[in-house]
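# Understanding the architecture of this molecule
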Amino acid sequence: MLILPAFLIDVPGDPPKENWGARIVGDQIAVVAPNADLRRAYPADETWDAPDQVLSPGFVNTHTHLYGVLAHGIPLDRAPSDFWAFLKDFWWRLVEDRLDGEMIGAATDYGCVEMLRSGVTTFYDCLEAPHSLPGCLAAQGEVVRARGLRGILSFEATERVSRANGDLGLRENVEWIRAARKIGGLVSGMMCFHTTFTCSADFIRRAFELARAENALVHLHCAEGTHEPAYALEHFGMRTLEYYDHLGVASDRMLASQCVQISAREIALMRARGVRMSHMPLSNCEVGGGIAPVPELIAADVPVGLGSDGYINDFFQVLRGAFLIHKARQCDPRVMPANRVWHLATEGGARLLDLKNVGRIAPGWQADLQLIDAQFPTPAAIHNLYDQLVLYRNPAHVRAVMIAGQTRVRDGIVLGVNEAALCAGTQAAAANLWKEA
Ligand SMILES: [Zn+2]
């Protein structure tokens, strides 16, 4: 099949190409060339004409909590006073500890459809539901597989509830990593644990050892607010990432999400050890955590991707958040240009998650694509396309999404979805979840 758009973003961050397109064969991109050349060379191919659209790699959401949708609008006595109160009084008690398989299934299905609508073709999910063990990841995997996204699923193991529960969480990840490999396809696993304030040194080391044996990455939440660095200083006499380094686990196997309250020394450590970082600009604001030093991390060559954190899943808003907040923090409109944000949201994210040949439109790469409406009120051009897209597009402008060569969104409609049933599922799950709130 030939896809023939107005603009092609083939290497995210590089200048777009006007009137260039791609030839898709099976699950891969076979050829990238000017539209006219493609038509001439492959006259027998089916053509997908998109004369007013941009063809780009799909977005990679490097950190979400799909169950999070069920907490949208949950009644609270009062707003949490800080990050610790957010976890202790709200998130753990009223959300995580009450999740069951049915709620997780409904939220996962809704989240997959919401991501498809938003141009997301790949995601990493972190399930925090200590009383849904064991087997929750396999059940979640079935839902994701049915929607056709490229998904990496993990369970956030923690000793917060009990040691035995923590062990169950680690085992859930190992078993799911193995099971997903056996099944094959687009869904896979990752090791994951919570933080230094809910997991012991032994537990953290064990998570890394188990991941090494499975050749998997290890995800953790890191210094999302001032709570964790203060805890680490008080209990270990050093800051969060210094502590991980002290434990001998800071490495390129480590995917540290958030990294909001980190020092210049910790940034240098991340660079030296190859630690990866997922940036969640909007949820950092939500919890009053601060603003992560992302321009500094990028300057230090730390691999960075973007995530929604299951908070606002419209990925265009996540891009806008990343585009804007660093300019405000540094009082400098030059930091975080739009082409860099687009790279973080696509190829940068795929690289962060160790996905090979994902995030670019080039021969031999996976056909994970989106077509976005490029009819702006002012002319779209090579010099302004990234800015036009980052600032003025929304999920409503995503006309098509393809994952591994399979069309999942066409004419702006997610295929095979009963919207009423999808919403009824999350409404019922939320009503159940909110009983204690
Ligand atoms: Zn998170």
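Cut-offs used in this document
- Every residue gets a number counted from 1 within its own chain, in the order that chain's sequence is written.
- For this predicted model, a pLDDT threshold of at least 70 governs which residues receive local features, and a threshold of 80 or more governs which side-chain atom pairs are given and counted, while totals over whole chains, interfaces and linings are taken from all residues.
- One requirement defines pairing of two strands: DSSP has to find at least two bridges between them.
- A helix here means a DSSP run of H or I that spans at least four residues, while a strand means a run of E at least two residues long, and both kinds are numbered starting from the N terminus.
- C-beta atoms are first placed from the backbone for all residues, and any pair lying within 7 Å is then listed as a contact.
- Only the contacting stretch of a helix is used when fitting its axis, a line to C-alpha atoms as for every element, and angles between N-to-C directions run 0 to 180 degrees.
- A residue is called partly exposed when the number of other C-beta atoms within 10 Å of its own lies between 12 and 20, exposed at 12 or fewer, and buried at 20 or more, with C-beta atoms placed from the backbone.
- The term nonpolar core means buried Ala, Val, Leu, Ile, Met, Phe, Trp, Tyr and Cys residues held together as one set by C-beta atoms within 7 Å.
- Residue ranges assigned to each domain were obtained from an automatic or database domain assignment.
- In this count, Pro and Cys sit with the nonpolar residues alongside Ala, Val, Leu, Ile, Met, Phe, Trp and Tyr, while Asp, Glu, Lys and Arg are called charged and the others, Gly among them, polar.
- Small angles under 35 degrees read as roughly parallel and large ones over 145 as roughly antiparallel, with 65 to 115 read as roughly perpendicular and the rest as oblique.
- Crossing chirality is assigned from the near helix's rotation relative to the far helix, an anticlockwise turn below a right angle marking it left-handed and a clockwise turn marking it right-handed.

## A word on the sheet that holds strand E13 (residues 276-279)
Overall, parallel pairing links the 5 strands, which are arranged E10-E11-E12-E13-E14 in an open sheet. The open sheet terminates on both sides in strands that have one partner only, identified here as strand E10 (191-192) and strand E14 (304-306). Bridging between E10 and strand E11 (residues 218-222) involves 2 bridges; their strand directions are parallel. Bridge assignment links Cys 192 to a residue of E11, and that residue is His 219. Most of the contacts of helix H13 (residues 338-352) go to E14, to which it runs at about 120°, and overall it touches strand E12 (254-258), E13 and E14.

## With respect to the pairing of strand E16 (residues 398-403)
When you tally the buried positions in E16, you get 6 out of 6 residues, the bulk of the element. Taken together, the 4 bridges between strand E15 (residues 369-373) and E16 define a ladder with antiparallel strand orientation. Opposite Leu 371, over in E16, you have Ala 400 as the bridge partner. Sheet topology note: the E16/strand E17 (residues 406-410) ladder contains 3 bridges and is antiparallel. Looking at E17, one finds that Ile 403 is bridged to Gln 406. Linking two consecutive strands that pair antiparallel, namely E16 and E17, is a turn of 2 residues; a positive phi of about 50° is found at Ala 404 within it.

## Some thoughts on the nonpolar core
Counting 140 residues, the largest nonpolar core has Ala 107, Val 218, Leu 319 and Val 341 as its most contacted members. Ignoring anything within four residues of it in the chain, the contact list for Leu 319 reads Leu 306, Val 341, Ala 345 and Val 390.

## Structural notes on the domain arrangement of the chain
Each domain of the chain was delimited in the assignment, giving domain 1 (2-57 + 369-403) and domain 2 (59-352). Each of domain 1 and domain 2 was reduced to a C-alpha centroid, and the two centroids are 31 Å apart. Between domain 1 and domain 2, the residue contacts involve 18 residues of the former and 21 residues of the latter. For the side of domain 1 that touches domain 2, the elements supplying multiple residues, two or more each, are strand E5 (47-57), E15, helix H14 (385-392) and E16. The greatest single-element share of the side of domain 1 that touches domain 2, amounting to 5 residues, is contributed by H14. The class makeup of the residues in the side of domain 1 that touches domain 2 is 12 nonpolar, 4 polar and 2 charged.

## Quick word on the packing of helix H5 (residues 163-183) against helix H6 (residues 201-214)
Running from N to C, H5 and H6 point in directions that differ by 10°, and their axes come no closer than 11 Å. The angle between H5 and H6 places the two elements in the roughly parallel class. Where H5 approaches H6, its residues Gly 166, Leu 170, Val 174 and Ile 177 are matched on the opposing element by Phe 203, Arg 206, Ala 207, Leu 210 and Glu 214. Across the contact of H5 with H6, the residue classes break down as 6 nonpolar, 1 polar and 2 charged.

## Some words on the packing of H13 against H14
Their axes nearest at 8 Å, the elements H13 and H14 cross at an angle of 65°. When the interaxial angle is binned, H13 and H14 end up roughly perpendicular. Helix-helix and strand crossings are classified by hand; for H13 and H14 the assignment is left-handed. Listed contacts from H14 to Ala 338, Asn 339, Val 341 and Trp 342 of H13 are Tyr 386, Asp 387, Leu 389 and Val 390.

## A look at unusual backbone geometry
What is expected of a backbone is that most residues other than glycine have negative phi and most peptide bonds are trans. A cis geometry characterises the amide bond from Leu 133 onward to Pro 134, with omega recorded as -10°. With phi around 65°, Asp 301 is a residue other than glycine that occupies positive phi space. Summarising the element assignment, Asp 301 is placed in the loop between helix H11 (294-299) and E14. With phi around 65°, Asp 309 is a residue other than glycine that occupies positive phi space. By the secondary structure assignment, Asp 309 is in the loop between E14 and helix H12 (315-330). On the basis of neighbour counts, which here come to 26 C-beta atoms within 10 Å, the residue Asp 309 falls in the buried class.

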